[in-house]
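Listed below, chain by chain, are the residues.
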Amino acid sequence: MSTHGKNRPPGFQTRAIHHGYDPRKLLGAVAPPIFMTSTYSFEGVEDAAAVMSHEREGYLYGRTANPTQALLEARLANLEGAEACVAVASGMAAVGSLMLSLLSQDDEIVVHRTLYSNTYSLTRQALPRFGIKVVPIDLTDPSRLDGAITKKTKLIYFETPGNPSSEVIDIAAVAARARNSGARIVVDSTFASPYVQRPLEHGAHLVLHSLTKYINGHGDLLAGAVLGDAATIDRIRSNGLNFITGATLSPMAAFLIMRGMKTLKLRMKQHAESAQAVAEMLAAHPAVAWVRYPFLPGSRDYEVARRQMISGSAMMSFGLKAGYAGAVAMMDRLQLISRAVSLGDAESLIMHPASLIRARQKFYPETRMAEGVTDDLIRLSIGLEETDDLLDDITQALAGA
Ligand code: 3LM
């Protein structure tokens, strides 16, 4: 694809709409057709063998690859600046397929101390059962890596901005500290999306997304992806996806994600504009004790965010002077913003990790709140409603807090 008559590559929004697809090859269909098939037939046994041995490009079985998925993967890789991508059934399928493909018994993984709750459980509860050593440190201070990396460290894993607090980790500083160690840096960039942040440009080796969030953007499906060099992505697909997790993305979901991605940049700009207004309003409000939004001027996060993100996304966290009880009361007063987990949707969503974790502990006593998450923390995902309507809803809910 080229931009006619101009000697420059097409921009982000153009690639998000067109990359990797030529309607002339599929009956002129402007929207890419959905290949709803689980298996593929061959002219003869030799032909099947040629596909199996990669002598000829082709498809064998839908657990590992499908043309609709392949288009999504090519488009995502292009937007992220990666050589290759594997799309899977959920963000957790991406995390699990990646870790179980790239780690073996006696290996070590360094993780940021705070992670998305289920990634936290995978690293703290599950990986140690397989003889994998997990080393949690506070990566907001990258110098901590010096005492954490050993010859056995295979991966350094973190989210930025982080779930749930939106704290920012300096990707280039982590990469500089880890250089020559042989460890690969993996960034879960779900809170940012490839429009806002491209970790590979700052020295990360692999990027992971829950596509459920900003990239699909419409809160109507689950999906995930891992992006990076072709050899590693092939290993995650041929081992992790094909026979360790089997967590295949449906072609229908792949199509819907591409539909959502066409407006990624437009959505992110609107998300960021509203989130900035909400974060500034919260920071000035007398009932609010603290606010964390990467693009709030003056904070340490802001300095790092300006180097590695082109704008904020719409994730922020805050605490009220009235603490845990105040959070519950404020959230119950909201009328427009939904009390719901997840993020990155057109609808604004708010959640309070401490009350959810407390409730979960009644059934699963082993559940732990991720280190670094305080009881008062409220997480807000600002949606695409009119900014003034969002400000009004939060203001009325804070009145009396
Ligand atoms: C959430 N997060 O509400 P899926 N990485 C990050 C994430 O935020 C998530 C995943 C991976 C939330 C989901 S919580 C019950 C709902 C940074 C998901 C996993 O498997 O697609 O949900 O992605 O924070």
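Just so you know, the residues in each chain are numbered from 1, in the order the chain's sequence is written. Per-residue local features of the predicted model are confined to residues with pLDDT of at least 70, and side-chain atom pairs are confined, for both listing and counting, to 80 or more; whole-chain, interface and lining totals are unaffected and use all residues. Water and hydrogen atoms play no part in the side-chain values, which are based on all heavy atoms of the structure.

## Observations regarding the sheet that holds strand 8 (residues 288-292)
- Taken together, the five strands give an open sheet; going across it, the order is 8-9-12-11-10, and neighbouring strands pair in mixed fashion. Sheet topology places strand 8 and strand 10 (338-339) at the edges, where each strand pairs with a single neighbour.
- Pairing between strands is defined by DSSP: at least two bridges between the two strands are required. Here a strand is any run of E in DSSP of at least two residues, a helix any run of H or I of at least four, and the numbering for each starts at the N terminus. Where strand 9 (residues 315-320) and strand 12 (residues 378-381) come together, four bridges link them in antiparallel fashion. When the sheet's bridge partners are listed, Phe318 is paired in strand 12 with Ile378.
- Strand contacts of helix 10 (residues 264-284): strand 8, strand 9 and strand 12, with the helix running at about 15° to strand 9, the strand carrying the most contacts.
- Residues are treated as being in contact if the distance between any of their heavy atoms lies within 4.5 Å. Working convention: axes come from line fits to C-alpha atoms, limited for helices to the stretch in contact. Angles between N-to-C directions cover 0 to 180 degrees. Strands strand 9, strand 10, strand 11 (349-351) and strand 12 of the sheet are contacted by helix 12 (residues 323-333), whose axis makes an angle of about 120° with strand 9.

## What to know about the domain arrangement of the protein chain
- Once the domains are mapped, the protein chain shows domain 1 (12-261) and domain 2 (265-398).
- The distance between the C-alpha centroids of domain 1 and domain 2 comes to 26 Å.
- Throughout, buried area stands for the accessible area (probe radius 1.4 Å) lost by two parts on being put together, summed over both. Across the domain 1/domain 2 interface, buried area totals approximately 3200 Å², and carbon plus sulfur atoms make up 55% of it.
- Salt bridge criterion: a side-chain nitrogen from Lys or Arg within 4 Å of a carboxyl oxygen from Asp or Glu. Seen at the junction of domain 1 and domain 2, the total is three salt bridges.
- Put simply, Glu371 and Arg124 hold a salt bridge, and the shortest N to O gap is 3.1 Å.
- Under the rule applied, a polar contact is a pair of N or O atoms within 3.5 Å (in protein, one hydrogen donor and one hydrogen acceptor; residues adjacent in sequence only if both atoms are side-chain atoms). Taken together, the links from domain 1 to domain 2 amount to 21 residue pairs in polar contact (both at pLDDT 80 or more). Each domain's extent was defined by an automatic or database domain assignment.

## Notes on the site of the ligand
- Near is defined per residue: the residue qualifies when any heavy atom it owns lies within 4 Å of the molecule or strand. The environment of the ligand is formed by 17 residues, the closest being Gly91, Asp188, Thr212, Ser342 and Arg379.
- A distance of 2.7 Å is found between an oxygen atom of the ligand and a backbone nitrogen or oxygen belonging to Ser342.
- In the model, an oxygen atom of the ligand is placed 2.7 Å from a nitrogen or oxygen of the Arg379 side chain.
- About the coverage of the ligand: the protein hides 86% of its 550 Å² of free accessible area.
- A class-by-class count of the residues in the shell around the ligand yields six nonpolar, seven polar and four charged.
- Counting contributing residues per domain, the shell around the ligand is built from domain 1 (12-261) and domain 2 (265-398), each supplying no fewer than three. All accessible areas in this document rest on Shrake-Rupley with a 1.4 Å probe, and a residue is counted as covered only by the protein chains that are shown. Lys, Arg, Asp and Glu make up the charged group, whereas Ala, Val, Leu, Ile, Met, Phe, Trp, Tyr, Cys and Pro make up the nonpolar group; the residues left over, Gly among them, are polar.

## Considering the pairing of strand 6 (residues 206-210)
- Exposure classes here rest on a 1.4 Å probe applied to the protein chains alone. A residue is buried below 20% of its type maximum, exposed above 50%, and partly exposed in between. Burial runs high along strand 6: five of the five residues are buried.
- Neither face of strand 6 is exposed, since Leu206, Leu208 and Ser210 on one face and Val207 and His209 on the opposite face are all buried.
- Bridge analysis of strand 5 (residues 184-188) against strand 6 gives three bridges, and the strand direction is parallel. Looking across to strand 6, one finds that Asp188 is bridged to Leu208.
- In this structure, strand 6 lies alongside strand 7 (residues 224-228), joined through four bridges in antiparallel fashion. Opposite Leu208, over in strand 7, you have Val226 as the bridge partner.

## A look at the sheet that holds strand 2 (residues 108-112)
- A sheet is described by the order of its strands in space; here seven strands give the open sequence 1-7-6-5-4-2-3, paired in mixed fashion. If you trace the sheet from one side to the other, it starts and ends with strand 1 (84-88) and strand 3 (133-137), each paired once. With direction set aside, neighbouring strand axes in the sheet form an average angle of 20°.
- The pairing of strand 2 with strand 3 spans five bridges and is parallel.

## Quick notes on the nonpolar core
- By convention a nonpolar core is built from buried Ala, Val, Leu, Ile, Met, Phe, Trp, Tyr and Cys residues, the set being connected through side-chain atoms within 4.5 Å. In terms of nonpolar packing, the biggest core is built from 69 residues, with Leu72 and Met330 touching the most fellow members.
- Per element, the largest residue contribution to this core is eight residues, and it comes from helix 10.
- Each of domain 1 (12-261) and domain 2 (265-398) gives at least three residues to this core.
- With 32 residues, the next largest nonpolar core counts Val95, Tyr120, Leu241 and Leu377 among its residues.

## A closer look at the pairing of strand 9
- Across the six residues that make up strand 9, a large majority, six, are buried.
- Residues Met315, Ser317 and Gly319 point to one face of strand 9 and Met316, Phe318 and Leu320 to the other, with burial holding for every one of them.
- With four bridges connecting them, strand 8 and strand 9 associate as antiparallel partners. Among the inter-strand pairings, Val288 is bridged to a residue of strand 9, identified as Leu320.

## Examining the side chain of Ser193
- Among the secondary structure elements, Ser193 is positioned in helix 7 (residues 193-196).
- Those residues in contact with Ser193 that lie beyond four places of it in its chain are His209, Tyr214, Ile215, Leu264 and Met268.

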